[in-house]
Amino acid sequence: MSRRALDLILDHVRAEPSRTWSIIVTIYGDAIVPRGGSVWLGTLLAFFRGLDVADGVVRTAMSRLAADGWLMRTRVGRNSFYRLAEKGRETFARATEHIYRHRPPEWHGHFDMLLIETGAREGARSALEADGFGMPLPGVFVAPAGTGVPEEAASALRLDVSGSAEEQRALAARAWPLEQTAEAYRRFIDTFEPLAAELQAGAALTDLEAMVARVLLIHDYRRIVLRDPILPSAILPEDWPGLAARAVCADIYGRLVEASERWLDENAVGEDGAPLPGHPKITSRFKA
């Protein structure tokens, strides 16, 4: 096959600052956690050779992730195995819902608005943002009506805010960085549409190439969608590219999953020395 599309994606990744640690995080969330969560270091080294990343760079990134509390290391003989630590598991449980299931909340026609006093803002802000609230003004947080309020903001003054469709979209644009998110989605589409076209035309990748393409696909998509508040379409700009980006991601993922899972079947080794078993629900991702 023409390697142009995958090579362009690899060039796109290599043009960015070193992100080996971030790609490792993606591999665990997308491929290793569904297979039990612990994998031989040699499996990861084999994967990164497909990206032309040196073994020493990968080992350094793994050690840093372990030191920062994201991974836990186990030694079995001379071999090292790594699994996600507790904070990594919690992070991925939330991320999985956001990445693969994408369910915009129902729009009830109005926003919930919270007013937070100055002294309580710092403690509440991160929790509110994590739960999907935007901030149009300092101390003012909004979300589609019915969004759960975290405990850190339980004492906030609450208001219902409604208006015309134009006013609602304007409020959403002030509360969330929608234009930056939209531009990131457009770049994602530009980067991955050539690969989608080649795969749709019947081009084939080796199993390792399919695994590399799958991880880089989710790596790029994950960084955008986890910043996207996933708002109802009624309050998004009419030309919102999020759905088109998701369609591109879902199409490519579906075409790569069989070959990439085959690579994992043959290369992902657990602490008992046996191949890590696959998970049947992987092939249904993006479909529900």
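Residues numbered from 1 in each chain as written. Predicted model: local features only at pLDDT ≥ 70, side-chain atom pairs only at ≥ 80, totals over all residues. Heavy atoms only, no water.

1. Regarding the confidence of the model for the protein chain
And step 1. For the protein chain, mean pLDDT is 90; residues scoring 70 or higher make up 97% of the total.
And step 2. When mean pLDDT is taken per element in the protein chain, helix α3 (residues 41-49) scores highest with 97 and helix α5 (residues 86-101) scores lowest with 77. (pLDDT = per-residue confidence, 0-100. Helix = DSSP H or I, 4+ residues; strand = E, 2+ residues; numbered from the N terminus.)

2. Some details on the pattern of salt bridges
And step 1. Summed over the entire model, instances satisfying the criterion amount to 14 salt bridges.
And step 2. Here Asp265 and Arg35 are joined by a salt bridge, their closest N and O atoms 2.9 Å apart. Here Arg35 lies in the loop between α2 (20-32) and β1 (38-40) and Asp265 lies in helix α10 (residues 242-267), a separation of 230 residues in the sequence.
And step 3. Linked through salt bridges whose partners overlap, the residues forming this network are Asp30, Arg35, Arg214, Glu261, Asp265 and Arg285. (Salt bridge = Lys/Arg side-chain N within 4 Å of Asp/Glu carboxyl O.)

3. A look at the pairing of strand β6 (residues 140-144)
And step 1. For β6, the buried fraction is high: five of the five residues fall into the buried class.
And step 2. Where strand β4 (residues 111-115) lies against β6, five bridges are found, and the strand directions are antiparallel. Its bridge partner lying in β6, Leu115 is registered against Val140.
And step 3. Sheet topology places strand β5 (residues 134-137) next to β6; two bridges connect them, and they run antiparallel. Within β6, the residue paired with Gly134 across the bridge is Val142.
And step 4. Count of turn residues in the β5/β6 antiparallel hairpin: two residues, of which Gly139 carries a positive phi of about 80°. (Buried < 20%, exposed > 50% of the residue type's maximum accessible area, 1.4 Å probe, protein only. Pairing = 2+ DSSP bridges.)

4. Considerations on the packing of α2 against helix α9 (residues 207-225)
Between two packed helices, what matters for the description is the angle formed by their axes and the separation of those axes.
And step 1. In contact at an axis separation of 9 Å, α2 and α9 are set at 105° when each is read in the N-to-C sense. As far as their axial angle goes, α9 and α2 are roughly perpendicular. Counting all contacts with α2, which are made through Ser22, Ile23, Val25, Thr26, Ile27, Asp30 and Ala31, the residues of α9 involved are Met211, Arg214, Val215, Leu216, Ile218, His219 and Arg222.
And step 2. When the residues that make up the contact of α2 with α9 are grouped by side-chain class, the tally is eight nonpolar, three polar and three charged. (Axes fitted to C-alpha atoms, helices over the stretch in contact; angles between N-to-C directions. Parallel < 35°, antiparallel > 145°, perpendicular 65-115°, else oblique. Contact = heavy atoms within 4.5 Å. Nonpolar A, V, L, I, M, F, W, Y, C, P; charged D, E, K, R; others polar.)

5. Thoughts on the sheet that holds β6
And step 1. Here four strands make up an open sheet; going across it, the order is β5-β6-β4-β7 and the pairing antiparallel. Of all the strands in the sheet, the pair left with one neighbour each is β5 and β7 (157-161). Averaged over all pairs of adjacent strands, the angle between strand axes in this sheet comes to 35°, irrespective of strand direction.
And step 2. Sitting on the sheet, helix α7 (residues 165-175) touches β4, β5, β6 and β7, and the angle it makes with β5 is about 100°.

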